[in-house]
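# Coordinate analysis (summary)
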Amino acid sequence: MRTIGKDESVGEARGLYIASGWPERRSRRRPLYFLHGELGGSWLWERYLGYFAQRGWEGHALNLRAHFWSET
């Protein structure tokens, strides 16, 4: 399998930045959710999103307020 989708978006209502990765074929598995610690951001999970997407998992990495590109 290979990664077919990688997306970066900002939730309009909340102003939170989210990085996402999708597998080649959609599955019925629940998506994985990645959350960083105090000094991190979604960039920490970029390789993990690709790794798991290649193995059939949809993944999303959220940035908390005032981290990376999320609003304060």
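Scroll up for the structure.
Here goes a summary of the coordinates provided.

How each quantity is defined
Residues numbered from 1 in each chain as written. Predicted model: local features only at pLDDT ≥ 70, side-chain atom pairs only at ≥ 80, totals over all residues. Heavy atoms only, no water. Patch = residues over 30% accessible without salt bridge, like charges linked within 9 Å, V, L, I, M, F, W, Y side chains within 5 Å. Areas by Shrake-Rupley, 256 points an atom, 1.4 Å probe, with all protein chains shown as cover. Salt bridge = Lys/Arg side-chain N within 4 Å of Asp/Glu carboxyl O. Helix = DSSP H or I, 4+ residues; strand = E, 2+ residues; numbered from the N terminus. Phe/Tyr/Trp six-rings, centres within 6.5 Å; stacked < 30°, edge-to-face > 60°. Buried < 20%, exposed > 50% of the residue type's maximum accessible area, 1.4 Å probe, protein only. Lys NZ or Arg CZ within 6 Å of the ring centre and 35° of its normal. Pairing = 2+ DSSP bridges. Right-handed = clockwise from strand over helix to strand, strands pointing away. Core = buried A, V, L, I, M, F, W, Y, C linked by side-chain atoms within 4.5 Å. Contact = heavy atoms within 4.5 Å.

Another aspect to go through is a nonpolar patch on the surface. On the surface, Tyr-33, Leu-35 and Leu-64 cluster together to form a nonpolar patch covering roughly 290 Å² of accessible area. Looking at where Leu-35 falls in the secondary structure, it is placed in strand E3 (residues 32–35).

Right, let's talk about the packing of aromatic side chains for a bit. For any pair of aromatic rings, the description rests on two quantities: the centre-to-centre distance and the angle between the ring planes. Counted according to the given criterion, the structure contains five aromatic pairs. Ring plane angle 40° and centroid distance 6.5 Å describe the contact between Phe-34 and Tyr-48, whose orientation is recorded as tilted. With Phe-34 in strand E3 and Tyr-48 in helix H1 (residues 46–54), this residue pair connects regions lying 14 residues apart in the sequence. Taking relative accessible area as the criterion, Phe-34 reaches 10% and is therefore assigned buried. Lying across the ring of Tyr-51, Arg-55 places its NZ or CZ 3.6 Å from the centre.

Before going further, it helps to examine the pairing of strand E4 (residues 59–62). Two strands pair when backbone bridges link them, and strand E2 (residues 17–23) and E4 are joined in this way by four bridges, in the antiparallel orientation. Residue pairing in the sheet places Gly-21 in a bridge with Gly-59 of E4. Bridge count for E3 against E4 is four bridges, and the pairing is parallel. Opposite Phe-34, over in E4, you have Ala-61 as the bridge partner. Viewed along the sheet, the connection from E3 through H1 into E4 turns out right-handed.

Across soluble globular proteins, you tend to see nonpolar side chains buried next to one another. Among the nonpolar cores identified, the biggest contains five residues, and these are Tyr-17, Ala-19, Phe-34, Leu-49 and Ala-61. The residues touching Phe-34, leaving out its near neighbours within four places in the chain, are Trp-45, Tyr-48, Leu-49, Phe-52, Gly-59, His-60, Ala-61 and Leu-62.

Attention now moves to the environment of Ala-53. With respect to the helices and strands, Ala-53 occurs in helix H1. Separated by 21 residues in sequence, Ala-53 and Leu-32 place their C-alpha atoms 9.8 Å apart.

Within the fold, Ile-18 resides in strand E2. Given a relative accessible area of 25%, Ile-18 falls into the partly exposed group. For the pair formed by Ile-18 and Gly-41, sequence separation is 23 residues and the distance between their alpha carbons is 9.8 Å.

In short, the description is geometric, and any link to function would need to be established separately.
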